[in-house]
Amino acid sequence: MDILTLKSKDKLDCNLCDKCCIYRGDIRLTPINVFEISKYLNISIKDFLEKYTDRLANNQFELVLKTRGKLRQCILYDEINKKCSIHSVKPMQCVMFPLVPENLKRDYFYNSGQCTMENPKEITVSKWLNGNHRIYSKNKKICMEWIEFIEWAQSKLDMISNKSILQEDFIDKIYEVLFLNYNLKNYNLKTQMRKNMKKARDEIKKII
Ligand code: SF4
Ligand code: SF4
């Protein structure tokens, strides 16, 4: 597949049919998404986590959106209006789709070809990514920090031979630090997320 840069043109102009919200695979969430989506839905973070998310089975710190039925339709797909119900705060994977990052740091992508529209118009990758309330440019840096943290945490936990250390309550403690610990009176959201990742790293370092 061709590698696309920000200046590349490709068949990306979407008609927002949101058919890609069905059979979409796992949509991963960062703590930014958890906070923003729960705020948008006007529910507590705890309720959002319980009602709308699952933990990835083999990676306890990663969250994905729940799906419905055999078609694995995203739980946030609005069936009546046939569209995403959280368009302005959707997760990065949804913002980029059908692009998949080959190297996020360098803005290299490939087109997964999974858009079901027959003949999308060609537009630049830059234009595609910077639509959608500029979520891409707003959250790219913190998303990369999150991916780096997740990869680090997973590699460290994989190294632990005595898996009994990884009792459920340890995993739950890290989960709470990452997703439930917000003090937005004192810090902005990204600062709080960085503090939480640092705290989680420190906790993990204690057991390795
Ligand atoms: S990316 Fe394709 S399938 Fe998804 S909403 Fe746009 S046109 Fe529809
Ligand atoms: S969050 Fe929105 S765009 Fe993403 S899969 Fe769910 S309904 Fe579709």
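Above: the structure in question.
Residues numbered from 1 in each chain as written. Chains lettered and ligands numbered in written order. Predicted model: local features only at pLDDT ≥ 70, side-chain atom pairs only at ≥ 80, totals over all residues. Heavy atoms only, no water.

Concerning the nonpolar core
Formed by 42 residues in total, the largest nonpolar core has its most connected members in Val34, Phe61, Trp146, Phe149, Leu178, Phe179 and Ile204. Mapped by element, the contributors of at least two residues to this core are helix 1 (31–41), helix 2 (45–52), strand 4 (59–65), helix 5 (135–159), helix 6 (168–179) and helix 7 (189–206). Mapped onto the domain boundaries, this core takes at least three residues apiece from domain 1 (9–136) and domain 2 (137–206). Apart from the residues lying within four places of it in its own chain, the contact partners of Val34 are Leu29, Ile45, Phe48, Leu49, Leu63, Phe179 and Tyr182. (Core = buried A, V, L, I, M, F, W, Y, C linked by side-chain atoms within 4.5 Å. Buried < 20%, exposed > 50% of the residue type's maximum accessible area, 1.4 Å probe, protein only. Helix = DSSP H or I, 4+ residues; strand = E, 2+ residues; numbered from the N terminus. Domains from an automatic or database assignment. Contact = heavy atoms within 4.5 Å.)

As for the pattern of salt bridges
If the charged atoms of two oppositely charged side chains come close together, the side chains can form a pair. All chains considered together, the criterion is met by 12 salt bridges. Between Asp13 and Lys121 there is a salt bridge, and its shortest N-O distance comes to 3.9 Å. Taken together, the residues span a long stretch of sequence, with Asp13 in strand 1 (residues 9–13) and Lys121 in strand 11 (residues 121–124) at a distance of 108 residues. Judged by relative accessible area, Asp13 falls into the partly exposed class, the value being 26%. In this structure, the salt-bridge partner of Lys198 is Asp202, at a minimum N-O distance of 2.9 Å. Of this pair, Lys198 and Asp202 both sit in helix 7, 4 residues apart, which is roughly one turn of the helix. A single salt-bridge network, built from bridges that share partners, covers Lys141, Glu145 and Arg194. (Salt bridge = Lys/Arg side-chain N within 4 Å of Asp/Glu carboxyl O.)

A short note on the side chain of Glu36
Mapped onto the elements of the fold, Glu36 is located in helix 1. One buried charged residue, Glu36, remains without a salt bridge, the closest side chain of opposite sign being Lys138 at 4.4 Å. Setting aside residues up to four positions removed in sequence, Glu36 forms contacts with Val89, Lys138, Asn139 and Leu189. (Lys, Arg positive; Asp, Glu negative; His and termini not counted.)

Concerning the site of ligand 2
Around ligand 2, the surrounding shell consists of Cys21, Arg24, Leu65, Cys74, Leu76, Tyr77, Cys84, Ile86, Lys90, Pro91 and Cys94. Class assignment of the residues belonging to the shell around ligand 2 gives a composition of 9 nonpolar, no polar and 2 charged. (Near = heavy atom within 4 Å. Nonpolar A, V, L, I, M, F, W, Y, C, P; charged D, E, K, R; others polar.)

With respect to the site of ligand 1
What surrounds ligand 1 is the set Cys14, Asn15, Leu16, Cys17, Asp18, Cys20, Phe97, Cys115, Thr116 and Met117. For the shell around ligand 1, the class distribution of residues is 7 nonpolar, 2 polar and 1 charged.

Remember, this is a structural readout, not a statement about activity or role.
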